[in-house]
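Take a look at the letters that make up each chain.
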Amino acid sequence: MVRRAARNRAEHVHQLVDGDDRPHDVVGVDEGEELAAGGLDPAGLSARFMSTIRRMAAIRFREATFDDCALIFAWANDPATRANSARTDMIEWDGHVGWFREKLADPAAEIWIVTDERGEPAGQVRFDRDAGDDARAEIGVMVDAERRGGGIGTQIIQTGTAEYIARHPGVTVVAYIRHHNVASQRAFMRAGYVPDGE
């Protein structure tokens, strides 16, 4: 394990090795008691690894449009989603519409709708680049309630991360996860993310 100390919010950077023995950096950020965090910086991911990720998933991504506002609103207000979010209160429609318009217009934010092999919406993945560090982006994932439990969350995380980094080489992707959200922690770890502090 290689560790580098960073001074911003007690970062710890680790090194992992994929199948061809090339290292890729993994970063975790300690956000306090409420959230556990982990991340993936595939600057060193091999082309073979990224190609494998893309081939393994039957899911596809498309850029969100304002026509997706109601769909994302429904996913965001799902009880399980709210319980595992940083803010657990229900979202009001007017507030959501304003937030969604801002995100669509924000060049530092990308919202992708995840579709299955039939083209049906299955979830959403969002990336927000850090205002203070353009080489860092936070990932957020929502999966349609009827699709949960079959491994699609891990597919979305793996494939979405690979695609985002292919579009933004050198960006480190991090995730913030509530300590009690064990299913999400497992999905991110299966996708190659490492919890902070390990």
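Residues numbered from 1 in each chain as written. Predicted model: local features only at pLDDT ≥ 70, side-chain atom pairs only at ≥ 80, totals over all residues. Heavy atoms only, no water.

Caption draft 1: How the structure looks around helix α5 (residues 152–167). Here α5 spans 22 Å end to end across 16 residues, near enough to the 22 Å set by a 1.5 Å rise per residue. A large share of α5 lies buried, amounting to 13 of its 16 residues. (Helix = DSSP H or I, 4+ residues; strand = E, 2+ residues; numbered from the N terminus. Expected span 1.5 Å × (residues − 1). Buried < 20%, exposed > 50% of the residue type's maximum accessible area, 1.4 Å probe, protein only.)

Caption draft 2: A look at the packing of α5 against helix α6 (residues 182–190). With their axes 8 Å apart at the nearest point, α5 and α6 run at an angle of 45° to one another. Classified by the angle their axes make, α5 and α6 are oblique. Along this stretch, α5 crosses α6, giving a crossing that reads as right-handed. Residues T154, I157 and Q158 of α5 pack against A187, F188 and R190 of α6. Each residue belonging to the contact of α5 with α6 can be placed in one class, and the counts come to three nonpolar, two polar and one charged. (Axes fitted to C-alpha atoms, helices over the stretch in contact; angles between N-to-C directions. Parallel < 35°, antiparallel > 145°, perpendicular 65-115°, else oblique. Left-handed = near helix turned anticlockwise from the far one by under 90°. Contact = heavy atoms within 4.5 Å. Nonpolar A, V, L, I, M, F, W, Y, C, P; charged D, E, K, R; others polar.)

Caption draft 3: Representation of the nonpolar core in the model. Grouped together as the largest cluster of nonpolar side chains are 22 residues, with contacts concentrated most on I139 and Y193. Residues contacting I139, with those up to four places away along its chain left out, are V125, R126, F127, I157, T161, V173, V174, A175, F188 and Y193. Membership of the second largest hydrophobic core comes to 10 residues, among which are C69, A76, F100 and I111. (Core = buried A, V, L, I, M, F, W, Y, C linked by side-chain atoms within 4.5 Å.)

Caption draft 4: Focus on α6. Every buried residue belonging to α6 is among S184, A187 and F188, and all of these are buried. The buried side chains of α6 occupy one side of the element, clustering within an arc of 95° when seen end-on. Structural note: α6 exposes R186 and R190 on the side pointing more than 90 degrees away from its buried face. Looking at the buried positions of α6, the neighbouring elements they touch are β8 (133–143), α5 and β9 (172–178). (Arc of directions from axis to C-beta.)

Caption draft 5: Layout of the packing of aromatic side chains. The tally for this structure, following the rule as stated, stands at eight aromatic pairs. An aromatic cluster is built from F61, W112, F127 and Y164, whose rings are joined through pairwise contacts. Lying across the ring of F66, R101 places its NZ or CZ 4.2 Å from the centre. (Phe/Tyr/Trp six-rings, centres within 6.5 Å; stacked < 30°, edge-to-face > 60°. Lys NZ or Arg CZ within 6 Å of the ring centre and 35° of its normal.)

Caption draft 6: Highlighting the environment of M142. Within the secondary structure layout, M142 lies in strand β8. Residue M142 is classed as buried on the basis of its relative accessible area, which comes to 12%. Separated by 18 residues in the primary sequence, M142 and Q124 have C-alpha atoms spaced 5.1 Å apart. With sequence-adjacent residues up to four places away left out, M142 is seen in contact with I72, W75, A76, T81, G123 and Q124.

Caption draft 7: Layout of the pattern of salt bridges. One pass over the full model with this rule turns up 10 salt bridges. Where D68 meets R62, a salt bridge forms, and the shortest distance between an N and an O atom there is 2.8 Å. Taking the shortest distance from any N to any O, the salt bridge between R167 and E163 comes out at 3.3 Å. Within this pair, R167 and its partner E163 are both found in helix α5, separated by four residues, close to a single helical turn. Overall, E163 belongs to the partly exposed group, its relative accessible area being 21%. Through salt bridges with shared partners, a single ionic network connects E63, E110, E163 and R167. (Salt bridge = Lys/Arg side-chain N within 4 Å of Asp/Glu carboxyl O.)

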